[in-house]
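Structural overview for review
Residues per chain, in single letters:
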Amino acid sequence: MTAYTLWLLRSDAIKSGLAISAIFTRSFEDHLTQSLRVTELAGVNAASSETGQLNLRQMETHFVFILRNSPFLRSVSLLDESNLIIASSNSANLGITVSTKDFFPVAAGTQSFLRLGTPWAGRDFADGHAIGNQMPEDTSGRFLPATHGVDIGPRNLSLLVALNPDYFLNFMSRQFDTRSGSVEVLRLDGIQLMSTDYEQRFGAPKNEFTNNGLLYEVEFGEFEQSLHGERPVLTTFRVSPLYPLAVVTHIQRDYALSQWETETKTILGIVVPTLLIVSLMSISRYRRQQLLEAKTNESNRLQQINAARVFTNSHEGIMMCAADGNILDVNDAFTRITGYGRDEILGQNPRILTSGRQTKEFYADLWRDLSEHGFWSGELWNRHKNGEVYAEMLTISAVSDSRGVVQQFVGQFADVTKRKMLDDQVRLMAFFDPLRECPDFCVRGAG
């Protein structure tokens, strides 16, 4: 029961950890989506022209205004059809060509949606470069490019923004204890865009998401995994409803189970000593029972030995019968008194010994006493194997089991023929005159 309870508590701790991870994931995804939505609307409105004429100076003014109220942006720029920056909130970006071939999703015709690139090293496009899936030398300077198509007159231009990942990572770190895990942002093709774990390679594909196309199939989910092949974590993810990205939160399983481990130590601190005491008491009781059983067995063995000696060496005849009356065993004195050998008498009924001197009523009284009292004692006459009759003093005892059912009868007898004959002689001498060869009452009558 203790193990099952601990297992249930552990399962609850895992579920609770996943639920907490899901709450953080939803919060971070909503903040990121809303920030991008504000940037998209403000940038597109700034780059649009009611007259259809391209006014780069006016656009730059609008871009600078947007930048002042958007700490999550490094710069806002405008790309021409050849991906050349022709207007920017940062004048140093002018004239720089930014390749968008690796942006996601792939553009088909005129771009009218937000596309995300891979991370760049540096503060802005003027001093930065794409880092691919390599770690930048200066991890403090990174930004994330994104584009959105805008049409100005007959021209198909693109709004280009440099997102500040440090802002989002600081926002996540303030709400989420990075000692308990990490938060990362992925493109829907599995490329990592940012992470609170600075040991991660930005721009590298996340195989657990790219191999099975998980981000394309469901909007949110949760599972357990081993991060970097060694750290077990509780992972939840949520896909943005507006943009091609997903937020993934990892909580270390050890951290999620820390409270459970404390409860487990408390429970085991109570249960283990209790089980130890109970075990010691059980062992002690078991040993006492073994000793008692050994003593009982030894006593029974001695009793059996003594009974066997008494059975064998007794001068009185002993006969053991089954409940149906058939003879099971006899001793040597029985064979000597009755003349029957042991092999001859086993399986026979004691009626084989009857002399015919006792009536049926005599034997009926005998069995009635045995049935009612389990015991009978008295004298009777039996017949020797050679036909001679002899008198015996017989005692019969019924042996019952624990339920009171008779299992055996044990008869013990002694040959009292000589004693009976001596009694008859004494009686004869007391009432018969040997000189006159007549009873004593005849002599007294003659006198």
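Now for a look at the structure at hand. Along each chain, residues carry numbers from 1 onward, in the same order as the chain's sequence is written. Local features in this predicted model are restricted to residues whose pLDDT is 70 or higher, and side-chain atom pairs enter the listing and the counts only when it is 80 or higher, whereas totals over whole chains, interfaces and linings include all residues. Based on all heavy atoms of the structure, the side-chain values leave hydrogens and waters out of the count.

Glancing now at the overall build of the chain. Labels follow the DSSP assignment, with helices taken as runs of H or I lasting at least four residues and strands as runs of E lasting at least two, numbered in each case from the N terminus. Within the chain, the secondary structure is distributed over 12 helices and 19 strands. The accessible surface values rely on the Shrake-Rupley method and a 1.4 Å probe; as for residues, cover is taken only from the protein chains in view. Roughly 25800 Å² of accessible area belongs to the chain as shown, and the carbon and sulfur atoms make up 54% of that amount.

Pairing between strands is defined by DSSP: at least two bridges between them are needed. Here we have 5 strands laid out as an open sheet, ordered β9-β8-β12-β11-β10, and antiparallel in their pairing. The open sheet is flanked by β9 (192-195) and β10 (220-227), the only strands paired with a single partner. In this sheet, neighbouring strand axes are inclined to one another by 25° on average, regardless of whether the strands run parallel or antiparallel. Pairing of strand β11 (residues 231-239) with strand β12 (residues 245-252) involves 7 bridges; the strand directions are antiparallel. For V233, the partnering residue across the bridge sits in β12 and is Q252. Contact between two residues is taken to exist if any of their heavy atoms lie within 4.5 Å; hydrogens are not considered. In this analysis, axes come from line fits to C-alpha atoms, helices being fitted only over the stretch in contact, and the angle between any two N-to-C directions falls in the range 0 to 180 degrees. Across the sheet, helix α1 (residues 2-47) lies against β8 (181-187), β10, β11 and β12, angled at about 40° from β11, the strand it touches most. In the packing of helix α3 (residues 165-175) onto the sheet, contacts are made with β8 and β9, and the angle to β9 comes to roughly 50°.

Buriedness for pockets is judged along seven lines, at least five of which must meet protein on both sides within 12 Å for an open set on the 1 Å grid over protein atoms alone, while cavities are sets there where a 1.4 Å probe fits but cannot get out, and lining residues have an atom within 4 Å of a point. Grid points are joined across faces, edges and corners, and a volume is the space filled by probe spheres set on the points. All told, the structure shown has 1 cavity of 30 Å³ or more when counted by the stated rule. What the largest cavity holds in volume is close to 60 Å³. What lines the largest cavity is L36, T39, E40, L114, H148, L159 and V161. Every element with two or more residues in the lining of the largest cavity is listed here: α1 and β7 (155-163). Tallying contributions element by element places α1 first for the lining of the largest cavity, with 3 residues.

Looking now at helix α2 (residues 56-68). How far a helix is expected to stretch is found by multiplying one less than its residue total by 1.5 Å. For α2, with 13 residues, the first-to-last C-alpha span of 19 Å sits near the 18 Å given by 1.5 Å per residue. Listed as buried for α2 are M59, F63 and I66. Projected down its long axis, α2 shows its buried positions confined to an angular sector of 60°, all on one face. Projecting away from the buried face of α2 at angles above 90 degrees are the exposed residues R57, T61, F65 and R68. Contact partners of the buried residues in α2: α1, β1 (73-79), β2 (85-88), β6 (142-152) and β7. A 1.4 Å probe rolled over the protein chains alone gives each residue an accessible area, and that area as a share of the maximum for its type sets the label: buried under 20%, exposed over 50%, partly exposed in between. What the arc measures is the spread of directions leading from the helix axis to the C-beta atoms.

Let us look at the pairing of β12. By the criterion of burial, β12 is predominantly enclosed, with 7 of the 8 residues buried. Sheet topology places β8 next to β12; 7 bridges connect them, and they run antiparallel. When the sheet's bridge partners are listed, L186 is paired in β12 with A246. The turn linking β11 back onto β12 is made up of 5 residues.

Take the nonpolar core next. What makes a nonpolar core is a set of buried Ala, Val, Leu, Ile, Met, Phe, Trp, Tyr and Cys residues whose side-chain atoms join them at distances within 4.5 Å. F63, L78 and V185 are the most contacted members of the largest nonpolar core, which has 44 residues in total. With 8 residues, the single largest contributor to this core is α1. If sequence neighbours within four positions are ignored, F63 has contacts with G43, A46, A47, V76, S77, L78, A87, S88, S89 and L159. By size, the runner-up hydrophobic cluster in this structure holds 18 residues, among which are I345, L380, I396 and F413.

Attention shifts here to unusual backbone geometry. Here the residue pair F104 and P105 is connected by a cis peptide bond, since its omega of 0° sits within 30 degrees of zero. Within the secondary structure, P105 sits in the loop between β2 and β3 (114-116). The phi torsion at N83 lies on the positive side, around 65°, for a residue other than glycine. Residue placement: N83 occurs in the loop between β1 and β2.

Either a parallel or an antiparallel arrangement is found when strands of a sheet pair, and the pairing is made through backbone hydrogen bonds. Taken together, the 5 strands give an open sheet; going across it, the order is β14-β13-β17-β16-β15, and neighbouring strands pair in antiparallel fashion. Where the open sheet ends on each side, the last strands, each with one partner, are β14 (327-330) and β15 (375-383). Strand-to-strand, the axes of this sheet are offset by a mean angle of 25°, without reference to chain direction. Direction of pairing for strand β13 (residues 317-322) relative to β14: antiparallel, over a ladder of 3 bridges. Counted as the bridge partner of C321 is I327 from β14.

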